[in-house]
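Observations on the model geometry
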Amino acid sequence: QMVEEMQGGDGPSAWNKNYPVADGDRQSPIDILPHQARHDPNLGPFVLNYDRCTSINIANNGHSVVVEFEDSDDRSVIQGGPLDNPYRLKQFHFHWGGKGCHGSEHTVEGNSYASELHLVHWNAVKFKTFGEAASAPDGLAVLGIFLEGSVTDFKGFNPKCLLPSSLHYWTYLGSLTTPPLHESVTWIVVKEPMIVSEKQLGKFRTLVFTGEEEDERTRMENNFRPPQLLKGRTVRSSN
Ligand SMILES: COc1ccc2c(ccc[n+]2C(=O)c2ccc(S(N)(=O)=O)cc2)c1
Ligand SMILES: [Zn+2]
């Protein structure tokens, strides 16, 4: 962080040059303080209807591994919880670190996890396209799931069985964590981390991504933005 700042790098701390909203009032990720979260009895459980989800492709978009889904109808949606209507699954992707337990974007009392899975959904009731929703305050809903390394092996890979057993969550109004950093995301962060094997995490770390110049190939790791200021926002907690 410091090094790339001194070298005038293009990392997270320089994003406000091209995206002034980086210094906005509802930026993500944040450091979650469970004892300061407000328990809201009206916050019901969220519901995932992914049974007929149709994945289209998996890609290395230069910053992460992204799996895109068919979103031309309501076949894969999240609803309930803090959401007023169903939001369609568009893609999921991961953020991870080079080693050990650093790599998640959200942190809990200053502690980070090895990785964080983001399931990105958009409000197709109010907006015609994902792009339109992505820049509207109630346009997106991203489900964040912490991944914790463990030595036990982990078989299979399916969005449904990715979820930990308890779906208690924190929710707050935030933003995209990568440029263009639009303040359009209702964040739902599941409290309980999902356990994946070190082998699974290792696979993320072997991915290579291109820097700005084609020839400057650097390892894809530490692709996570550090926590941003809360600026008076309330984090609510489901029961
Ligand atoms: C020009 O408008 C856009 C809009 C969205 C873009 C994007 C470029 C990359 C990712 N996105 C995303 O959709 C995006 C970015 C970050 C996240 S995150 N990490 O879940 O907050 C989710 C989704 C450009
Ligand atoms: Zn993300």
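For the structure, see preceding data.
In this report, the structure presented in the accompanying data block is examined. (Residues numbered from 1 in each chain as written. Chains lettered and ligands numbered in written order. Predicted model: local features only at pLDDT ≥ 70, side-chain atom pairs only at ≥ 80, totals over all residues. Heavy atoms only, no water.)

**What about the overall build of the protein chain?**
Rules: Runs of E in the DSSP output that reach at least two residues are strands. Runs of H or I that reach at least four are helices, and both are numbered from the N terminus. Only protein chains enter the accessibility calculation, which uses a 1.4 Å probe. A residue is then buried if its area is under 20% of the maximum for its type, exposed if over 50%, and partly exposed in between. Contacts between residues were defined by any pair of non-hydrogen atoms, one from each residue, lying within 4.5 Å. Accessible surface area values rest on a Shrake-Rupley calculation with a 1.4 Å probe, where residue burial reflects the displayed protein chains alone.
Regarding its fold elements, the protein chain presents four helices and 16 strands. Within the protein chain, the proportion of its 239 residues that are buried is 47%. Within the protein chain, contacts between residues separated by at least 24 positions form 68% of all contacts whose residues are at least 6 apart in sequence. Surface accessibility of the protein chain: about 11,800 Å² in total, with carbon and sulfur atoms responsible for 54%.

**Quick word on the pattern of salt bridges**
Opposite charge on two side chains permits them to pair, given that their charged atoms come into close proximity. The test is simple: In the sections that follow, a salt bridge refers to a side-chain nitrogen of Lys or Arg positioned within 4 Å of a carboxyl oxygen of Asp or Glu.
Counted according to the given criterion, the structure contains seven salt bridges. One salt bridge in this structure joins K126 and D138, with 2.7 Å as the shortest N-O distance. Taken together, the residues K126 in the loop between β9 (115-122) and α3 (130-134) and D138 in the loop between α3 and β10 (140-150) connect sequence positions twelve residues apart. Through salt bridges with shared partners, a single network forms among E68, D71 and K90.

**As for the site of ligand 1**
Operational definition: Any residue with at least one heavy atom within 4 Å of a molecule or strand is counted as near it. Polar contacts here mean pairs of N or O atoms no more than 3.5 Å apart (in protein, one a potential hydrogen donor and the other a potential acceptor; neighbouring residues in sequence count only if both atoms are side-chain atoms). Gly is put with the polar residues, along with every residue not named as nonpolar or charged; the nonpolar set is Ala, Val, Leu, Ile, Met, Phe, Trp, Tyr, Cys and Pro, and the charged set is Asp, Glu, Lys and Arg.
The environment of ligand 1 is formed by 14 residues, the closest being H93, H95, F130, T177 and T178. Residue H93 places a side-chain N or O atom 3.3 Å away from a nitrogen atom belonging to ligand 1. Side-chain polar atom of H118 to an oxygen atom of ligand 1: 3.3 Å apart, as the coordinates give it. Of all the secondary-structure elements, those providing two or more residues to the shell around ligand 1 are β7 (87-96), β9 and α3. The greatest single-element share of the shell around ligand 1, amounting to three residues, is contributed by β7. Residues that form the shell around ligand 1 fall into these classes: seven nonpolar, six polar and one charged.

**Thoughts on the coordination of the zinc ion (ligand 2)**
Under the convention used in this document: A donor here means an N, O or S atom no more than 2.8 Å from the metal, or no more than 3.2 Å when the metal is Na, K or Ca. Since water is not included, a site may seem to lack partners. In short, tetrahedral needs four donors with all angles between 85 and 135 degrees, square planar needs four and octahedral six donors with opposite donors over 155 degrees apart and all other angles between 65 and 115, and whatever is left is irregular.
Around the zinc ion (ligand 2), the protein supplies H93 (NE2), H95 (NE2) and H118 (ND1) as donor atoms, at distances of 2.0 Å. Considering all four donor atoms around the zinc ion (ligand 2), the spread of angles at the metal, 101 to 115°, places the coordination shape in the tetrahedral class.

**Focus on the pairing of strand β3 (residues 46-49)**
Put simply, the rule reads: By this definition, two strands are paired if DSSP reports at least two bridges between them.
Alternating residues of β3 divide into F46 and L48, all buried, and V47 and N49, none buried. One ladder, built from four bridges, connects β3 with strand β6 (residues 77-80); its direction is antiparallel. Across the sheet, residue N49 finds its bridge partner in β6, namely V77.

**Section: unusual backbone geometry**
Of the consecutive residues S28 and P29, the connecting peptide bond is found in the cis state with omega at 0°. Looking at the secondary structure, you find P29 in the loop between α2 (15-18) and β1 (31-32). Positioned with a positive phi, K231 is a non-glycine residue whose angle comes to about 50°. With respect to the secondary-structure elements, K231 resides in the loop between β15 (217-219) and β16 (236-237).

**As for the pairing of strand β12 (residues 185-190)**
Of all the six residues making up β12, six are buried; the element is thus mostly covered by neighbouring parts of the structure. Residues of β12 alternate between two faces, with V185, W187 and V189 on one and T186, I188 and V190 on the opposite face, all of them buried. Judged from the six bridges that link them, strand β11 (residues 169-174) and β12 form a sheet pairing that is antiparallel. The residue bridging Y169 from the neighbouring strand is V190, located in β12.

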